[in-house]
Amino acid sequence: MRRIPIRSLSGLAAIGLLTLTGCGTGTGGAAGGAAAAGNTAAATGADRTIRAQKVMRLTKVHEETGMTLLEGPTFGEDGKLLVVDVTAPAGEPKVLSVDTAKKTSRPVHTDGRGAYTSAQFSPYDGRVYLTDFSHGDIVSLAPDGGDRRTFFSGEVDGARMNPDDLAFDRDGNLYISDSRGMSEGEATGRVVRIDRAGKSVTVLADELAAPNGISFDADYRGLWVSELTQNRISYLRLDDKGGVTSQHTAIRVDGGTAQTDSIAVDADGNLYQGLHGRAAMVVYNRHGERLATVTVPAQAGGREAEGLESATNVAITPGGTKAYMTVSGPAGGYLYSFDALAEGVRQSNGG
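Everything numeric here is computed off the predicted structure, so don't read it as measured data.

1. Concerning empty space enclosed by the protein
And step 1. Enumeration over the complete set of coordinates arrives at one cavity of 30 Å³ or more.
And step 2. Approximately 60 Å³ is the volume found for the largest cavity.
And step 3. In terms of lining residues, the largest cavity is bounded by Gln120, Leu166, Ala167, Phe168, Ile214, Ser215, Phe216, Tyr220, Ile263, Arg346, Gln347 and Gly350.
And step 4. When residues of the lining of the largest cavity are traced back to their parent elements, those giving at least two are β14 (163-168) and β18 (211-216).
And step 5. Class assignment for the residues of the lining of the largest cavity results in seven nonpolar, four polar and one charged.

Here it is, written out as structure tokens:
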């Protein structure tokens, strides 16, 4: 993701607004962008291009915040896709439910506080959990968007979190990318584990460069963590109690002006790495080999769509291969679809 010097996050949060430089941003502008002709692939490996297709526009730029930013797509048991709008002001939908077949959406939650950067359903209690980047909280909602509860709030080892994305293990414990130090450009980010009761909190890794995306691998043996300000993906191997046994740089992402955003993992263990600064996503296998680039093309000429500046995250239909990618910029907040390389699992459904 590209860091955009509009206003500081802390200043905007203090007045109830938000500029995120590490969860992606969308700036003001007229509606634009374009639909793809369909999903096509050219060449193989690093040269393969998958062209996504526009499904619908979900949001326009908010006058109060000067942007819109879609994140955290996740499918509920009802088959509807939940999406968060990070920069939605109080009174406007912060969580939306999308019927991808009918191409319709409806608001399911708003409040006067949260700046939610991710969403995922817990395998333990079935509630949807949201990360509040600005305030350091983890909140949960009933599947219909009601019954808001604060699951966790406060400091972790003496410092409040900037929770960006989250992943659940099989037992419902939370693993969170804490993007502390992002605005200062300091490697003070962390990976934090919170048990499913919200009582036991552990820092699993620290001195990370603005960690953003986080996802378990296909076998739940380790965590993939993208570090925004270093454009790299680290791998944290875990023991049977959820502790880290080793850590190394697994993939270096050649993003150019773009930076690494959220991560999803399909049934074959492939990584879908979102980008901020470019409306595209890169796909790697578990060995770090680049398999494809997913792009958002313009309607004519084959160029990438104007007015769209980030492809933050993706959800792959559980048990299917249809993928839905959140794309945002001055043209608004959109859903695009493409055919994933393998079926969707929990690791490719939210976070």
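2. What to know about the sheet that holds β18
And step 1. Ordered by their spatial adjacency, four strands build an open sheet running β18-β19-β20-β21, and the pairing between neighbours is antiparallel. Each edge of the sheet is formed by a strand with only one pairing partner; in this case those strands are β18 and β21 (244-252). For this sheet, the mean inter-axis angle between neighbouring strands, taken without regard to orientation, is 20°.
And step 2. Here β18 pairs with strand β19 (residues 222-227) via four bridges, running antiparallel. Bridged to serine 215 within β19 is tryptophan 224.

3. Things to note about the pairing of β21
And step 1. In terms of strand pairing, strand β20 (residues 232-238) meets β21 through seven bridges, oriented antiparallel. Looking at β21, one finds that isoleucine 233 is bridged to isoleucine 251.
And step 2. Hairpin connection of β20 to β21: five residues between the antiparallel strands, including glycine 242 at a positive phi of 85°.

4. Some words on the pattern of salt bridges
And step 1. Counted by the stated rule, this structure contains nine salt bridges.
And step 2. For arginine 113, the salt bridge identified is with aspartate 137, shortest N-O distance 3.1 Å. Taken as a pair, arginine 113 in the loop between β7 (104-109) and β8 (116-121) and aspartate 137 in strand β10 (residues 137-141) lie far apart in primary sequence, 24 residues in all.
And step 3. Judged by relative accessible area, which is 42%, arginine 113 ranks as partly exposed.
And step 4. One connected set of salt bridges, linked through shared partners, spans Lys94, Asp111 and Arg148.

5. Some points on unusual backbone geometry
And step 1. For aspartate 157, which is not glycine, the phi torsion reads 50° and is therefore positive.
And step 2. Locating aspartate 157 in the fold gives a position in the loop between β12 (155-156) and β13 (159-160).
And step 3. Assessed through its relative accessible area of 67%, aspartate 157 is described here as exposed.
And step 4. In this structure, asparagine 231 takes a positive phi of about 50° despite not being glycine.
And step 5. Mapped onto the fold, asparagine 231 is located in the loop between β19 and β20.
And step 6. The class for asparagine 231 is buried, based on a relative accessible area of 13%.

6. A word on the packing of aromatic side chains
And step 1. Taken as a whole, this structure holds eight aromatic pairs when the rule is applied.
And step 2. Between tyrosine 129 and phenylalanine 168 the ring centres are 5.4 Å apart and the planes differ by 75°, which places this aromatic pair in the edge-to-face class. Here phenylalanine 168 lies in strand β14 and tyrosine 129 lies in strand β9 (residues 128-132), a separation of 39 residues in the sequence. Per residue, the accessibility class of tyrosine 129 equals that of phenylalanine 168, and both read buried.
And step 3. Look at tyrosine 175 and phenylalanine 216: their rings are 5.0 Å apart centre to centre, the planes differ by 80°, and that puts the pair in the edge-to-face class. Residue tyrosine 175 is located in strand β15 (residues 174-178), and its partner phenylalanine 216 is located in strand β18; the two are separated by 41 residues in the primary sequence.

7. Observations concerning the sheet that holds β14
And step 1. Strands sit in the order β14-β15-β16-β17 across an open sheet of four strands; the sheet is antiparallel. Unpaired on one side and paired on the other, β14 and β17 (201-208) mark the two borders of the sheet. Across the sheet, the axes of successive neighbouring strands diverge by a mean angle of 20°, strand direction being ignored.
And step 2. By the bridge criterion, five bridges tie β15 to strand β16 (residues 189-194) in an arrangement that is antiparallel. Note on β16: the bridge partner recorded for leucine 174 is isoleucine 194.

8. Quick look at the confidence of the model for the chain
And step 1. The pLDDT averaged across the chain works out to 87; a share of 84% of its residues lies at or above 70.
And step 2. Across residues 1-22, where pLDDT falls below 50, the model places 66 contacts with residues more than four positions away in sequence or in other chains.

9. Quick look at the layout of surface pockets
And step 1. The computed volume of the largest pocket comes to approximately 380 Å³.
And step 2. In this structure, the largest pocket is lined by 20 residues; those nearest its centre are Phe75, Gly76, Glu77, Phe121 and Gly126.
And step 3. Contributions of two or more residues to the lining of the largest pocket are made by β4 (70-75) and β7.
And step 4. The class makeup of the residues in the lining of the largest pocket is eight nonpolar, six polar and six charged.

Reading guide: rules and limits
- Residues numbered from 1 in each chain as written.
- Predicted model: local features only at pLDDT ≥ 70, side-chain atom pairs only at ≥ 80, totals over all residues.
- Heavy atoms only, no water.
- 1 Å grid on protein atoms, 1.4 Å probe; cavity = no way out; pocket = protein on both sides within 12 Å on 5 of 7 lines; lining within 4 Å.
- Points joined across faces, edges and corners; volume = space filled by probe spheres on them.
- Helix = DSSP H or I, 4+ residues; strand = E, 2+ residues; numbered from the N terminus.
- Nonpolar A, V, L, I, M, F, W, Y, C, P; charged D, E, K, R; others polar.
- Pairing = 2+ DSSP bridges.
- Axes fitted to C-alpha atoms, helices over the stretch in contact; angles between N-to-C directions.
- Salt bridge = Lys/Arg side-chain N within 4 Å of Asp/Glu carboxyl O.
- Buried < 20%, exposed > 50% of the residue type's maximum accessible area, 1.4 Å probe, protein only.
- Phe/Tyr/Trp six-rings, centres within 6.5 Å; stacked < 30°, edge-to-face > 60°.
- pLDDT = per-residue confidence, 0-100.
- Contact = heavy atoms within 4.5 Å.

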